[in-house]
Amino acid sequence: MTNLPMVSVIIPCYNHEKYIEQALKSVFEQTYTNIEIIVIDDGSSDNSVKVLKEIQKQHDFTLITQSNMGVCKTLNKAILHSNGKYIALLASDDYWDKTKIEKQVRLLETSTNSEFCYTQAKEFDENDTSYEKIFPKKPLTGKVLKQVFIRQHVPAGSIMFSRELFDKLHGFDENLKEEDWDFVIRSAAQTEFSAVPEPLFYYRSHEKNIMKTRKRKEIFRQKALLLTKNFDLVSPYRWFLSITIHFLYDIILKKDC
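Residues numbered from 1 in each chain as written. Predicted model: local features only at pLDDT ≥ 70, side-chain atom pairs only at ≥ 80, totals over all residues. Heavy atoms only, no water.

1. Some words on the pattern of salt bridges
Inference 1: In the structure shown here, the tally under the stated rule is 15 salt bridges.
Inference 2: Of the charged contacts in the structure, one is a salt bridge between Arg 186 and Asp 182, with a shortest N-O distance of 2.9 Å. You can see Arg 186 and its partner Asp 182 sitting in helix 7 (residues 179-188), 4 residues apart, about one turn around the helix.
Inference 3: On the basis of relative accessibility, which here comes to 12%, the residue Arg 186 falls in the buried class. (Salt bridge = Lys/Arg side-chain N within 4 Å of Asp/Glu carboxyl O. Helix = DSSP H or I, 4+ residues; strand = E, 2+ residues; numbered from the N terminus. Buried < 20%, exposed > 50% of the residue type's maximum accessible area, 1.4 Å probe, protein only.)

Dropping the structure here:
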């Protein structure tokens with residue numbers, strides 16, 4: 001396994017003392033072993049750092065602590081500390097199937113046109129007692145810019161991309177809050193997408209998920225910012241179509257009470 005490319009697993013943590021051990025356990029148990037693990041705590045006010053230091057006594061991983069900087073700055077900082085050919089992201093309240101990295105590396109290493117790979121996700125409830133859905137139903141592959149500009153259907157915690165692609169894109173945009181969709185759009189403009197059509201990423205749905213706590217008006221504003229920023233990547237018609245769809249969804253259908 002040592003002659004295969006290293007994968008850097010980046011885990012940003014913020015107030016997830018309850019879940020971080022399960023997230024890390026899913027990485028420790030990966031069938032692909034040539035990995036480095038970087039956990040970066042973004043100013044947690046709970047016992048996350050204490051829990052992480054206890055886990056560190058038994059397992060080898062890098063722990064970075066900092067005052068709160070937000071998701072984008074945290075991801076960029078951690079990735080700049082990494083050494084892998086590929087980067088894989090995992091939120092500290094989610095977890096992976098043990099074969100995830102192995103299957104994604106196999107796809108990326110045999111592809112001549114893809115530097116970005118993702119998998120399906122399985123959403124489950126806060127207590128890990130029931131599974132709600134698998135998404136996306138039909139993962140898109142190849143040249144997907146036109147499709148992902150309309151809708152972000154790539155599960156953020158499933159993605160793996162080359163460090164070369166990250167550097168080419170200059171990382172995550174620290175001025176945005178919809179950082180994953182923006183990164184997906186810009187990635188799709190640079191490379192074809194590959195996908196493992198299996199739910200290898202487990203997404204925990206709970207009341208503190210950002211998309212559940214943020215006001216719909218603010219969600220739309222962030223979408224409008226990233227779509228306008230990437231205006232030149234698609235036709236004016238597709239940009240207008242995407243803005244209109246999300247306006248209708250966030251402001252009309254899902255408007256704040």
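On we go from here.
2. Points about a nonpolar patch on the surface
Inference 1: Side chains of Phe 247, Leu 248, Tyr 249, Ile 252 and Leu 253 sit close together on the surface and give an oily, nonpolar patch of about 490 Å² of accessible area.
Inference 2: Structurally, the position occupied by Tyr 249 is in helix 10 (residues 236-253).
Inference 3: Since its relative accessible area comes to 37%, Tyr 249 is described here as partly exposed. (Patch = residues over 30% accessible without salt bridge, like charges linked within 9 Å, V, L, I, M, F, W, Y side chains within 5 Å. Areas by Shrake-Rupley, 256 points an atom, 1.4 Å probe, with all protein chains shown as cover.)

3. A short note on the nonpolar core
Inference 1: Membership of the largest hydrophobic core comes to 35 residues, with the highest contact counts inside it found for Leu 89, Phe 116, Phe 161 and Phe 172.
Inference 2: The element contributing the most residues to this core is helix 7, with 5 residues.
Inference 3: Core analysis: the next-biggest nonpolar cluster, separate from the first, contains 28 residues, Phe 61, Leu 90, Ile 101 and Val 196 among them. (Core = buried A, V, L, I, M, F, W, Y, C linked by side-chain atoms within 4.5 Å.)

4. Some thoughts on the environment of Ala 78
Inference 1: Locating Ala 78 in the fold gives a position in helix 3 (residues 71-80).
Inference 2: Since its relative accessible area comes to 0%, Ala 78 is described here as buried.
Inference 3: On a C-alpha basis, the gap between Ala 78 and Glu 192 in space is 25 Å, while along the polypeptide they are 114 residues apart.
Inference 4: Setting aside anything within four residues of it in sequence, one finds Ala 78 in contact with Ile 10, Ile 38 and Ile 40. (Contact = heavy atoms within 4.5 Å.)

5. Describing the packing of helix 9 (residues 216-229) against helix 10
The relative placement of two packed helices comes down to the angle between their axes together with the axis-to-axis distance.
Inference 1: In contact at an axis separation of 9 Å, helix 9 and helix 10 are set at 175 degrees when each is read in the N-to-C sense. Here helix 9 lies roughly antiparallel to helix 10, going by the angle between them. Together, Arg 216, Lys 217, Ile 219, Phe 220, Lys 223, Ala 224, Leu 227 and Thr 228 of helix 9 and Trp 239, Ser 242, Ile 243, His 246, Phe 247, Tyr 249, Asp 250 and Ile 251 of helix 10 make up the contact between the two elements.
Inference 2: Across the contact of helix 9 with helix 10, the residue classes break down as 9 nonpolar, 3 polar and 4 charged. (Axes fitted to C-alpha atoms, helices over the stretch in contact; angles between N-to-C directions. Parallel < 35°, antiparallel > 145°, perpendicular 65-115°, else oblique. Nonpolar A, V, L, I, M, F, W, Y, C, P; charged D, E, K, R; others polar.)

6. A short note on the pairing of strand 4 (residues 86-89)
Inference 1: Of the two faces of strand 4, the one holding Tyr 86 and Ala 88 and the one holding Ile 87 and Leu 89 are both buried throughout.
Inference 2: Across 4 bridges, strand 1 (residues 7-13) lies against strand 4 in parallel orientation. Along strand 4, the bridge assignment pairs Val 9 with Ala 88.
Inference 3: Across 3 bridges, strand 4 lies against strand 8 (residues 160-162) in antiparallel orientation. Among the inter-strand pairings, Ile 87 is bridged to a residue of strand 8, identified as Phe 161. (Pairing = 2+ DSSP bridges.)

Keep in mind these numbers describe shape, not what the thing actually does.
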